[in-house]
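# Per-entry structural report
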Amino acid sequence: MKLKVVVHRADEGGYWAEVPSIPGCATQGESFEELLTNLHDAVEGCLSVDVEDVPVSETDQIIEIAV
């Protein structure tokens with residue numbers, strides 16, 4: 001999956017970024033490299049959902065896919 005990210009220079013130094021296709025998904029970093037690492041963690045966190053709250057019957061399957 002490819003996502004477009006808007007990267008901003010922070011007034012106090014470093015960077016912050018937001019992922020417009022995932023509302024509320026944003027992060028920051030002191031360096032651009034740290035920002036990229038934090039972006040991967042932020043996107044993963046924003047997209048992970050706890051399936052315990054979803055009703056699942058005996059005939060349903062829970063799988064993981066990579067996109």
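Refer to the structure above for everything that follows.
Read on for an overview of the structure.

This paragraph deals with the overall build of the protein chain. For the protein chain, the count of helices and strands is one helix and three strands. Seen in sequence order, the protein chain has helices and strands lined up from the N terminus as β-β-β-α. Each principal axis of the C-alpha atoms in the protein chain carries an extent, and together these give about 55 × 20 × 20 Å. The buried share of the protein chain, reckoned over its 67 residues, is 19%. A separation of at least 24 residues holds for 12% of the contacts in the protein chain among residues at least 6 apart in sequence. Put simply, the protein chain shows about 5700 Å² of open surface, and 53% of that area lies on carbon and sulfur atoms.

Counted by the stated rule, this structure contains one aromatic pair. Ring geometry for Tyr 15 versus Phe 32: centroids 5.6 Å apart, planes at 80 degrees, classification edge-to-face. Placement of the pair is Tyr 15 in strand E2 (residues 15–18) and Phe 32 in helix H1 (residues 32–47), with a sequence separation of 17 residues. Owing to a relative accessible area of 17%, Tyr 15 belongs among the buried residues under this scheme.

The tendency in soluble globular proteins is for nonpolar side chains to be buried side by side. Tyr 15, Ala 17, Val 19, Ile 22, Cys 25, Leu 35, Leu 39, Ala 42 and Val 43 together form the largest nonpolar core, which totals nine residues. Contributions of two or more residues to this core are made by E2 and H1. Sort the elements by how many residues they give to this core and H1 lands first, with four residues. In this structure, Leu 39 is in contact with Val 5, Ala 17, Val 19 and Thr 27, ignoring residues within four places of it in sequence.

Thresholds, definitions, all that
- Residues numbered from 1 in each chain as written.
- Predicted model: local features only at pLDDT ≥ 70, side-chain atom pairs only at ≥ 80, totals over all residues.
- Heavy atoms only, no water.
- Helix = DSSP H or I, 4+ residues; strand = E, 2+ residues; numbered from the N terminus.
- Buried < 20%, exposed > 50% of the residue type's maximum accessible area, 1.4 Å probe, protein only.
- Contact = heavy atoms within 4.5 Å.
- Areas by Shrake-Rupley, 256 points an atom, 1.4 Å probe, with all protein chains shown as cover.
- Phe/Tyr/Trp six-rings, centres within 6.5 Å; stacked < 30°, edge-to-face > 60°.
- Core = buried A, V, L, I, M, F, W, Y, C linked by side-chain atoms within 4.5 Å.

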